[in-house]
Amino acid sequence: MKALPSASVLTKLSALQHLNLSHNELTSLPAALATLPSIQTLDVSHNCLVELPLNLATHQSLQLLAAHNPLRLELPLDTARRLEAEDTLFVDPAFPANEHSLFRSPDDPPAGHPAPETVRWLRPHELCQVAGVDAPRLFVDSSSSSDVVQGALGDCWLLSALAVVALHRDGLLTQIFAPSACVGLPAGSLTVQFYCEGRWERVTIDDRIPCDSSGYPLYAHCVEPNEMWVPLLEKAYAKLKGSYQALTSGFVDNALVELTGGAPQRFRFQRALGKDSALTESRSPEAPISSDIWGTLSLWMAEVNVHLKWKLALPWL
């Protein structure tokens, strides 16, 4: 299916609560969907949607599932340029484009970091202009762990967690972003949410990314230069923690909790297998790993599958 019936037909579905339109070839959605009085869930994942109607993206009582669509992150390039010229793109006063957002202590930057005055803060459409590529997208051909490229920041623990979440079969990563991320409200802004201290906390940022003097992102970015989910999520997490430098060094399981709301569990091989196990034996790098390690791993994974099954739901309602 490539198109929905007319608005007059849709209005007859007044009692509809859950509408599944996933795995079609829809390129647009009628705004009339948001006017259905009983609608609670709308699944439009796995389609060809480039943007969403404004009233759908910002609907307060609608659970919108829009994973695996080529949704446009920014407004069209000409519109973005016009808004920039009019000085109407969102600027986040709580996380400014200066050394206060880069460093824990603005007066004591880390050795080797470019001077703050040489850092260029570029928006997605500007990054694409510098790279000479197409208009920016939040995701290009869906998300993948191979999208993630580490920059000059020691936050591999966070990026490892992002790579894990990107592989989630139900599109968990895309649900971290607010539905309005698809249309950019207000223009030049983005809202995501993290699970902190037992509750979901929303973080809104502007979309200016710190770059070197040539316009190349200083920190994490995607393999595809017009794909933006990695640098924007990293920036939102940096705002949550106080600065980019605050992301230096951490634990993958902590990041996974704040990205998913799930319950982590650490598994230490030596403790589980005993001090005389194959893990503690000295052996050459070429020697095969003892089968008792794989047996223990299999047993542990079976326990995980039994005891730790949950469906993660990110509450944008």
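The structure displayed is predicted, hence computed values, not measured ones. Residue numbers run consecutively from 1 along every chain, following the written order of its sequence. The predicted nature of this model means local features are confined to residues of pLDDT at least 70 and side-chain atom pairs, given and counted, to a pLDDT of 80 or more, with totals for whole chains, interfaces and linings taken over all residues. Neither water nor hydrogens contribute to the side-chain values; these are computed over all heavy atoms in the structure.

**Re the environment of Gln150**
Here is step 1: Tracing the sequence through the fold places Gln150 in the loop between β5 (148-149) and α6 (156-166).
Here is step 2: Its relative accessible area of 39% is what places Gln150 among the partly exposed residues.
Here is step 3: Between the C-alpha atoms of Gln150 and Ser160, which are 10 residues apart in sequence, the distance is 9.7 Å.
Here is step 4: Discounting chain neighbours no more than four positions away, the residues touching Gln150 are Asp155, Cys156, Leu159, Ala220 and His221.
Here is step 5: Distance and chemistry together define a polar contact, namely a pair of N or O atoms within 3.5 Å, with one atom able to donate a hydrogen and the other to accept it when in protein, and with adjacent residues in sequence counting only for side-chain atoms on both sides. At 2.8 Å, the side chain of Gln150 forms a polar contact with the backbone oxygen of Leu153. Going along the chain from the N terminus, every DSSP run of H or I of four or more residues is numbered as a helix, and every run of E of two or more is numbered as a strand. Exposure classes here rest on a 1.4 Å probe applied to the protein chains alone. A residue is buried below 20% of its type maximum, exposed above 50%, and partly exposed in between. Note on definitions: a residue-residue contact is assigned when non-hydrogen atoms from the two residues lie within 4.5 Å.

**A short note on the UniProt feature "active site" (unreviewed entry) in the protein**
Here is step 1: UniProt positions are given in the numbering used here, feature names are shortened, and annotations may be inferred rather than shown by experiment. When the UniProt feature table is mapped onto this chain, "active site" (unreviewed entry) is found at Cys156.
Here is step 2: Its location among the elements puts Cys156 in helix α6.
Here is step 3: You can call Cys156 partly exposed: its relative accessible area is 43%.

**Section: α6**
Here is step 1: Within α6, eight of the 11 residues are buried, which leaves the element mostly enclosed by the surrounding structure.
Here is step 2: The complete set of buried residues in α6 reads Trp157, Leu158, Leu159, Ala161, Leu162, Ala163, Val165 and Ala166.
Here is step 3: Residues of α6 that are buried make contact with β5, α7 (172-176), α8 (229-241) and α9 (252-260).

**What about the packing of α6 against α8?**
Here is step 1: Interaxial angle, 0 to 180 degrees, is taken between N-to-C directions of lines fitted to C-alpha atoms, where a helix line uses only the stretch in contact. Contact geometry for α6 and α8: axes closest at 11 Å, N-to-C directions at 125°. With respect to α8, the element α6 is oriented oblique. Here α6 and α8 pass one another in a crossing that is right-handed. Touching Trp157, Leu158, Leu162 and Ala166 of α6 are Trp229, Leu233 and Tyr237, all from α8.
Here is step 2: Residues are grouped as follows: Ala, Val, Leu, Ile, Met, Phe, Trp, Tyr, Cys and Pro are nonpolar; Asp, Glu, Lys and Arg are charged; all remaining types, including Gly, are polar. Classifying every residue of the contact of α6 with α8 gives seven nonpolar, no polar and no charged. Throughout this description, any angle smaller than 35 degrees is read as roughly parallel, any larger than 145 degrees as roughly antiparallel, any in the 65 to 115 degree range as roughly perpendicular, and the remainder as oblique. By definition, any crossing whose near helix is turned counterclockwise from its far helix by less than a right angle is left-handed, and any crossing with a clockwise turn is right-handed.

**Some remarks on the nonpolar core**
Here is step 1: Here, nonpolar core means buried Ala, Val, Leu, Ile, Met, Phe, Trp, Tyr and Cys residues that are tied together by side-chain atoms lying within 4.5 Å of each other. Core analysis: the biggest nonpolar cluster contains 48 residues, and Leu173, Phe177, Val192, Phe194, Trp229, Leu233 and Tyr244 have the highest contact counts within it.
Here is step 2: No other element matches α6, which puts eight residues into this core.
Here is step 3: Excluding residues that lie within four positions of it along the chain, Leu173 makes contacts with Phe139, Ser143, Val165, Ala166, Trp229 and Leu233.
Here is step 4: Ranked by size, the runner-up nonpolar core spans 15 residues in total, among them Leu4, Leu21, Val44 and Leu62.

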